[in-house]
Amino acid sequence: MTRSSQQLWHFHGGLKLDSNKAMSTASPIVKARLPKQLIIPTQQHIGEAGQLLVKVGDKVLKGQALTDCTEYVSAPIHAPTSGHIVEIAELPAPHPSGLNTLCVVLETDGEDKWLDLQPIRHPNTKSPAELRQLIRKAGIVGLGGAAFPTAVKVNPGPESHIETLIINGAECEPYISCDDMLMREYAQELVSGCGIIQYMVSATHCLIAVEDNKPEAISAIKAVIKERALHTIEVVSIPTLYPTGGEKQLIKVLTHKEVPSDGLPSDIGLLVQNVGTAVAVHKAIVLGEPLLSRIVTITGEGVNQPQNMDVLIGTPMSELIEQAGGYHADASKLIMGGPMMGFSLQTDHLPVTKGCNCLLVENTPPAPPATMPCIRCGACATVCPAQLLPQQLFWMASSKNFDLVQDYHLFDCIECGCCSQVCPSQIPLVQYYRFAKTEIWNQERDRIKSDHARVRHDFRQARMDREKVERAEKLRKKKELLEKKKQAEAAQKADGNEAQIDPKKAAIEAAMKRVQAKKAAQKTDSQSSQVNNQAGNDEK
Amino acid sequence: MSILIAVVTLATISILFGILLGYSSVKFHVEGDPVVDKIDAILPQTQCGQCTYPGCRPYAEAIMSGEANINQCPPGGEVTMLALSELLGLEPMALDEEHANEPEKTVVYIDEQICIGCTLCIQACPVDAILGAAKQMHTIIESECTGCDLCIPPCPVDCIHIRPVKVEPDTWRWPIPESAQTAPKA
């Protein structure tokens, strides 16, 4: 039941775009064929990659963890089917850089044999912390495209109280329809997942926001809510306007609140989760299944049978395109994500990752419109949903004035691409912002590194100075000791000579004295005898 | 009489302020030169000596004394030069031609098969990034290496080689759009 009293607001700017979604919503979701090999990048999320738990040659079961995350902001990966590991190597992964990342290559055995699962039929019997731990172990990340670990997001901390849980089913970007199809076909699971997240963050109510160009999805969810007689979960139909699906923009539309510039929705009592994430949470808790697959839209004028597929993580994109009827004769460009925020891929020999919501094949001939100088028309500022000054940011980014560009809140830019879309001079504005953002992050890393080097250099300098002083001190002490020894030796020598001379002298002297004394005694004896003799003679 | 009062008053005031100034210059004395600290904070701390000064701090002091130019730091490149010009209010200067492009970040590694364990590189490393002991094999702690290359000349067996720092998806940077070359400067 849509709350009739639910008042809606507008965010600044935005664009009405041709949705082009109908081409991929005609047929139901198809399960993609099991490929021979799955290439599973170890890092598919924002944060740190986990530690590998398997080695080449290992046999793994469906659902078995391949990595273990030790860092807080991290998510493990799992074997999407049973088979054995044939390679662990740096392989190309879908990233704008086209660089390689560490991937686990799994050769499928076709048995699809599950690991023992531990479903929890009644999540309310577990504590929110236990459920968070299960979500973390299931490797769930935000499936809207950003791939931020969900276990971190649903733990806003003790000081912030989540009042409203917002489930984002807006899916505002043209061509993409995976969330639309998911809501139509998995409405039961979605509502169940919403309930679990709501319980985990103890939110008083939950709003499922869906753009009004998806009436089938809205009615499907409404039916489930009615059937279950839930009063705290509501579906809100919101006007179709790009980029309503942006977290901050959706919050503005639903609540008229604004997320602080460097803050999070939890600062204002809100939590936003994608519909796909809610379904993944349901599967992880109620069925005990980790995140092994996702819905991917394969669409665009350049592909023969646009459709949505349930794809195992790690499936090569080329196989999906093949299943969707292959490329059109004049297909020219493969984009991961939508036409506004996606990035083009150089090859289709890349695996589908958790954040891959859409593969768009364009067939417009690649005639890059000539970029003209900025005429300062201000159209970009009019459409900017973050209320920035795109033109100013452009000047600053192109002149590499990275301090000033931050003063103009570059990091509030959500890279939605509205400014580039309306620019009459065809300036690739978002490219400039992406360039400036990565440059600033790089400078920050350099600064941290140079600070570290300074500390080490200063420490080394201090150590060397200290060693110098210590060595000088040691030398001085040694010298002193030597001097003392010398002196002592000299003194000893002098003393020793005296001592050596003394006894001899003394002995000689003593002897001489004795001799003298004897002589003297003899003299007196002879004198006295003479005297006696004289006296005797005299008497005679 | 009135002129005497004026003279006495002014003399008293100046003596009082003199005492106050004298006192505060002692009380609030700043150790070292804070501007040198600020310059030093901008420099990349490779301690490589390519500026012709023995380390980043001596170069910072030389800039402060007007002895050195702000464009003498090759590892810092244009970014450092611009930051220095902004800090000191000096006109930006062109870097030497060979340093005009942004320098590639490198680290060194020791070919451990060849190393004889002479410890000469350990003595040369300004940031203690080399681990080893006499007659023991040495190795570079890559995360601490600043890429100054000072350890290369002393090595008697040429077992130290320069290697570029690997760019990961996390450290990858978007290139500046081609149209930036034609864009006017702000």
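Residues numbered from 1 in each chain as written. Chains lettered and ligands numbered in written order. Predicted model: local features only at pLDDT ≥ 70, side-chain atom pairs only at ≥ 80, totals over all residues.

Asks: Any details on the overall build of chain A? Residues and values, ideally.
Replies: Assigned secondary structure in chain A consists of 14 helices and 16 strands. Against the globule reference of 24 Å for 540 residues, chain A gives a C-alpha radius of gyration of 44 Å, more extended than a compact globule. Principal axes of the C-alpha set define a box for chain A whose edges measure 180 × 65 × 50 Å. In chain A, which comprises 540 residues, the proportion classed as buried is 43%. (Helix = DSSP H or I, 4+ residues; strand = E, 2+ residues; numbered from the N terminus. Rg over C-alpha atoms; globule rule 2.2 N^0.38 Å. Buried ≥ 20, exposed ≤ 12 C-beta atoms within 10 Å, placed from the backbone.)

Asks: Talk me through the interface of chain B and chain A; I want residue IDs and the actual numbers.
Replies: Taken together, the 25 residues of chain B in the interface contact 28 residues of chain A. Taken together, the residues of the side of chain B that touches chain A break down into 14 nonpolar, 6 polar and 5 charged. (Contact = placed C-beta atoms within 7 Å. Nonpolar A, V, L, I, M, F, W, Y, C, P; charged D, E, K, R; others polar.)

Asks: Hey, could you go over the domain arrangement of chain B for me, with residue numbers and the actual values?
Replies: Residues and elements named next belong to chain B. Examined at the domain level, chain B breaks down into domain 1 (34–99) and domain 2 (106–164). Each partner contributes to the interface: domain 1 provides 6 residues, whereas domain 2 provides 7 residues. Considered class by class, the residues forming the side of domain 1 that touches domain 2 number 1 nonpolar, 5 polar and no charged. (Domains from an automatic or database assignment.)

Asks: So what's going on with the domain arrangement of chain A? Which residues, and what values?
Replies: Residues and elements named next belong to chain A. Along its sequence, chain A is organised into domain 1 (22–111 + 131–362) and domain 2 (378–524). A C-alpha centroid distance of 51 Å is found between domain 1 and domain 2. Taken together, the residues of the side of domain 1 that touches domain 2 sort by class into 4 nonpolar, 3 polar and no charged.

Asks: Requested: an account of helix α6 (residues 215–228) of chain A, with residues and values cited.
Replies: All names here are of chain A. Helix length check: α6, at 14 residues, gives a terminal C-alpha distance of 20 Å against a target of 20 Å (1.5 Å per residue), a fit within 8%. Where α6 is concerned, the buried positions are Ala217, Ile218, Ala220, Ile221 and Ile225. Burial along α6 is one-sided: seen end-on, the buried residues are contained in an arc of 165 degrees. Exposed positions of α6 whose direction lies more than 90 degrees from the buried face are Pro215, Lys226 and Glu227. Looking at the buried positions of α6, the neighbouring elements they touch are β8 (164–169), α4 (178–185), α5 (187–200), β9 (205–211) and β10 (233–238). Just downstream of α6, alanine 229 is the residue with a positive phi angle, here 50 degrees. (Expected span 1.5 Å × (residues − 1). Arc of directions from axis to C-beta.)

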